[in-house]
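Per-entry structural report
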Amino acid sequence: MTPQKRTTTVAAACLVVSMAACVLLLHHIDEIRPQAGVDDTLYINSPKVIQRASLGFNGLMACVYWTRAVQYFGYRHAQNERTYNELAPLLEIATALDPHMIPVYQFGANFLAPAPPNGAGEPARAVDLMQYGIRNNPDNWRLYYDLGFVYYTELRDYKRAGEVFELGSKAPNANPFMKLLAAQMAEHAEDYATARMLWMATYESSTQTDIRQNALEHLRSIKVDEAVTSLQNAVTRFIQQSGRAPASLWELAAAEHLPGIPVDPDGNPYELSFDGQVLVQHPDDFPFITKGTPPGYKRSGLAKFHTKD
Amino acid sequence: MKARIGYIAANTFREAVRDRVLYNLIAFALLLSGAAILVGQISIDIERLVVVNLGLTAVSLFGIVIAIFIGIGLVSKEIEKRTLYTVLSRPVRRWEFIIGKFFGLAGTLVVNTFFMAIGVFAALLYVTHKFSVSDAFILVALYFIVLEFLIICSLALLFSSFSSPLLSAVFAFSLFVIGSFADDLRGFATLTHGLTRWIATAAAYLVPNFSTLNVISAVAHQQSIGAQLIVQNTLYALFYTAVALSGAVLIFERRNLK
C-alpha cells in the first residue's frame, strides 16, 4: 500500500468512526445537560427588543421561539412538572414576531388555558393571545373557534363563547359547524353532546398531533362521563323501585335489560360501590373525567396521551 | 513525525504572533475594564452576572473571529506565497502539514484565552471584591470555549484546504451560527415527518453542536456543571475535530497544487 493510500484509508476510517462517536455522544449529552435553555431564551423577553435584534429575520426567529415553546411544554409534561410559567411568554413572543403563525394560537388555546398539569392554567392570557390573533387575522375562522373554545371549556362563559362562534361563522370559508356551535351555546351549552361536538371539531380541524391527541382524550372522557351519568341514573331508578341499592352491576343490567355489564372505552367494566356509586376501574387512564372517581381520589400522574393518533 | 508536526505548529504560532493577533488582547482588556467600571455604577445586584456574561461572551467571540480569520488563510496563504511547495519538498507529509497547522492555531488561541481569562477574573474581582467557590465554574466555561475553538479551527482548516479565503470565511462563520442553533435544528427535525425528518435530523447531527458547549449563562447564574458533561463535551469536541481534520487531510492529499 502506498503512503498516500495508507493516509487516505486511515483518514477515512477516522472520519467515519469520529462522526459515529459524535452522534452517540450528543445523545448522552442531551440527557445530562442542565435544562436552562428556556431561561436563556427568555433572558430577553420583550418581543419588541427581539424583533429589533433579529435584524429583519422575524419569521425565522418566530419559528425558533415556536419550536422552543413546543419543546418546553413537551419536556415539562414528560417530566411531570406542574408549572409552565414560560409557555405564555414564548407563545406571545412567537406571535409578536409573526402574527400570522396560526398553529401558535391553536397551541395556546389547547395548552395555555387548561389548569395544570395539563396546561399552564392561564385562560386570561390565552384569551388575550386569541384576541391578538383575531386582530391580525380577522378572516381566519379558526381563531374565533379557538377563542370560543377557551371561553367554553375553561371560563364556562357560554354567552361569550356563543358570541364568538357567531362572529366566526361570518368569516370567509368558515366551517358550517360554527353556526351550529353558536346555536348550541345558546341553549345546550352544558350538554355532553355540545362538548363532544366541540372536541370532535377540534380533532378534525387540527393537524397538530398534540392537539388531536388531547382532543381524543377529552372525547374518551366525555364517553365515560356520559356512561357513568346514565348508569348512576339507572341506580337511582333501581333504588326508587326496590328501596335498596343494587348488589352488583349484573343486577342493575338485568333490571335495565342491558345486554351485559357496560364497559369503558378501554373495555374495562365499570364498578359499583357498596353505597351505589358507579366507579371507573382505572380513572388514571381517563385524565379528564369528572365522574366515576372514588371519594378522595387524586390523580397519580399526568394525563398520558396514550391513544395513538 | 512528531518533530515535523511540532515545527510546523511552532511556526504557525510565530506567524500568528507576528500578525499582531495577540493585540486583540488590548482591545479585550479595555472593553472589560470599561464594562466593569460602568456596570458597577449603573446596575444593582447583577454586577457579577453582567461581568461574567460580557467577559465570557467576549472571549468566545474574539476567539471565534481569530480562529476563522487566521484559519481560513492557513493553507491558501501558503499556496499563494508559494512557501507550501518548499515545505512539501522536504520530507513532510501533507497530513503532517495539516495537523501541524491545526496545533499551531489551536496553541495561539489557548494562549489568547489564557490571558483573556486573567482579564475576566480581574474584572470579576473588581466588582465583587472577593472570589467565591462558584467562580471556579468560570474555568469550566472557559475550557468549553477552548473546545469550541478547536472545532472552529478544524473547520476553518477544512475549508481552507480546498476553497478561497473569502468562501472559507463564509462557510466557517455560517457553520458557527448554525451550530449555535443546533438544538433548534433538532427541534425542527422532530416536528417534521418521513424523509424530511431523516434529512433534517442528519443535518442537525452533522453541524457542530456549539450550544452544548455554551454554559456561559449557567455559570453566570452560579449553577454547577457536572463532571459527566465536562467529559462528554470533551470527547465530543475531540471527535468532531477529528472528523473535520480527517476531511481536511483527505481533501488536501488529493489536491492538485499546480
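Residues numbered from 1 in each chain as written. Chains lettered and ligands numbered in written order. Predicted model: local features only at pLDDT ≥ 70, side-chain atom pairs only at ≥ 80, totals over all residues.

Turning next to the overall build of chain B. Broken down by element type, chain B carries 12 helices and zero strands. In sequence order, the secondary structure elements of chain B are arranged as α-α-α-α-α-α-α-α-α-α-α-α. Counting the 258 residues in chain B, one finds 43% classified as buried. Intrachain contacts of chain B at a sequence separation of at least 6 include 84% that bridge at least 24 residues. (Helix = DSSP H or I, 4+ residues; strand = E, 2+ residues; numbered from the N terminus. Buried ≥ 20, exposed ≤ 12 C-beta atoms within 10 Å, placed from the backbone. Contact = placed C-beta atoms within 7 Å.)

Helix and strand counts for chain A stand at 13 helices and two strands. By residue count, 36% of the 309 residues in chain A fall in the buried class. Counting contacts in chain A only where the partners sit at least 6 residues apart, residues at least 24 apart contribute 53% of the total.

To continue, consider unusual backbone geometry. If a residue is not glycine, its phi is most likely negative; likewise, a peptide bond is most likely trans. Residues and elements named next belong to chain A. Its identity is not glycine, yet Arg156 carries a phi of approximately 50°, on the positive side. Turning to its location among the elements, Arg156 is positioned in the loop between helix 8 (141-153) and helix 9 (158-169). Its 11 C-beta neighbours within 10 Å are what place Arg156 among the exposed residues. The residue His257 is not glycine, and still its phi comes out positive at about 60°. Residue His257 is classed as exposed on the basis of its C-beta count, with 6 C-beta atoms lying within 10 Å.

With that settled, consider the interface of chain A and chain B. A common way to report how large an interface is uses the accessible area buried once the components associate. The partner chain B presents 30 residues to the 27 residues of chain A that form the contact. Counting residues per element, the ones that place at least two in the side of chain A that touches chain B are helix 1 (3-32), helix 2 (37-41) and helix 4 (58-78) of chain A. In terms of residues, the side of chain A that touches chain B owes the most to one element, helix 1 of chain A, which gives 17 residues. The residue inventory of the side of chain A that touches chain B, partitioned by class, reads 16 nonpolar, eight polar and three charged. (Nonpolar A, V, L, I, M, F, W, Y, C, P; charged D, E, K, R; others polar.)

Here we take up helix 4 (residues 73-80) of chain B. All names here are of chain B. Considered for burial, the residues of helix 4 that qualify are Leu74, Val75, Ser76 and Glu78. Where helix 4 is buried, its residues contact helix 3 (47-71), helix 5 (83-89), helix 6 (94-128), helix 7 (136-160) and helix 8 (165-180). Directly beyond the C-terminal end of helix 4, a positive phi value near 70° is found at Arg82.

Attention now goes to the packing of helix 6 of chain B against helix 12 (residues 227-254) of chain B. Residue and element names in this part refer to chain B. Packing of helix 6 against helix 12 brings their axes to within 9 Å, and their N-to-C directions diverge by 140°. Here helix 6 lies oblique to helix 12, going by the angle between them. Considering the relative orientation of helix 6 and helix 12, their crossing is right-handed. Contacts between helix 6 and helix 12 involve Arg94, Trp95, Ile98, Ile99 and Phe102 on the former and, on the latter, Leu245, Ala248, Val249, Phe252 and Glu253. Residue composition of the contact of helix 6 with helix 12, by class: eight nonpolar, no polar and two charged. (Axes fitted to C-alpha atoms, helices over the stretch in contact; angles between N-to-C directions. Parallel < 35°, antiparallel > 145°, perpendicular 65-115°, else oblique. Left-handed = near helix turned anticlockwise from the far one by under 90°.)

The subject of this paragraph is the confidence of the model for chain B. In this model, chain B carries a mean pLDDT of 84, and residues with pLDDT of at least 70 account for 93%. Overall fold confidence for the complex sits at a pTM of 0.65, while the interface term, ipTM, reaches 0.76. (pLDDT = per-residue confidence, 0-100.)

On to the packing of helix 1 (residues 2-18) of chain B against helix 6 of chain B. Residues and elements named next belong to chain B. Where helix 1 meets helix 6, the axes come as close as 7 Å, and the angle between the chain directions of the two elements is 45°. Viewed along their axes, helix 1 and helix 6 adopt a mutual orientation that is oblique. Seen along the crossing, helix 1 lies across helix 6 with a hand that is right-handed. In this structure, helix 1 uses Arg4, Ile5, Ile8, Ala9, Ala10, Asn11, Thr12, Phe13 and Ala16 to contact helix 6, whose residues at the interface are Glu96, Phe97, Ile99, Gly100, Lys101, Phe103, Gly104, Leu105, Gly107 and Thr108.

Now for the nonpolar core. The nonpolar side chains of a soluble globular protein tend to be buried, and buried together. Counting residues in each nonpolar core, the largest one holds 77 residues, and the members touching the most others are Ala67(B), Ile98(B), Ile152(B), Cys153(B), Ala156(B) and Ala172(B). At 17 residues, the largest contribution of residues to this core is made by helix 7 of chain B. (Core = buried A, V, L, I, M, F, W, Y, C linked by C-beta atoms within 7 Å.)

A few words on the environment of Val235(A). Residue and element names in this part refer to chain A. With respect to the element layout, Val235 can be found in helix 12 (residues 209-242). Judged by the 21 C-beta atoms lying within 10 Å of it, Val235 falls in the buried class. Linking Val235 and Ala255, residues 20 residues apart in sequence, is a C-alpha distance of 9.8 Å. Setting aside anything within four residues of it in sequence, one finds Val235 in contact with Ala245, Pro246, Leu252, Gly276 and Val278.

Caution applies to low-pLDDT regions: their predicted coordinates should not be interpreted in detail. Residue and element names in this part refer to chain A. Averaged over all residues, the pLDDT of chain A is 84; the fraction at 70 or higher stands at 91%. Mean pLDDT values over the elements of chain A span from 51, in helix 2, up to 94, in helix 7 (residues 123-136). Considering only residues more than four positions removed or in separate chains, one finds that residues 305-309, a stretch of pLDDT under 50, has 11 contacts.

All names here are of chain B. Within the secondary structure layout, Gly100 lies in helix 6. Here Gly100 falls in the buried class, since 22 other C-beta atoms lie within 10 Å of it. Put simply, Gly100 and Ala3 are 97 residues apart on the chain and 9.7 Å apart in space, counted from C-alpha to C-alpha. When near neighbours in sequence (up to four residues on either side) are disregarded, Gly100 contacts Arg4, Ile5, Ile8, Ala9 and Thr12.

With that settled, consider the environment of Asn112(B). Residues and elements named next belong to chain B. Note that Asn112 resides in helix 6. C-beta crowding within 10 Å serves as the criterion here: with 23 such atoms nearby, Asn112 is assigned to the buried category. Between the C-alpha atom of Asn112 and that of Phe62, which follows or precedes it by 50 residues, the distance is 9.5 Å.

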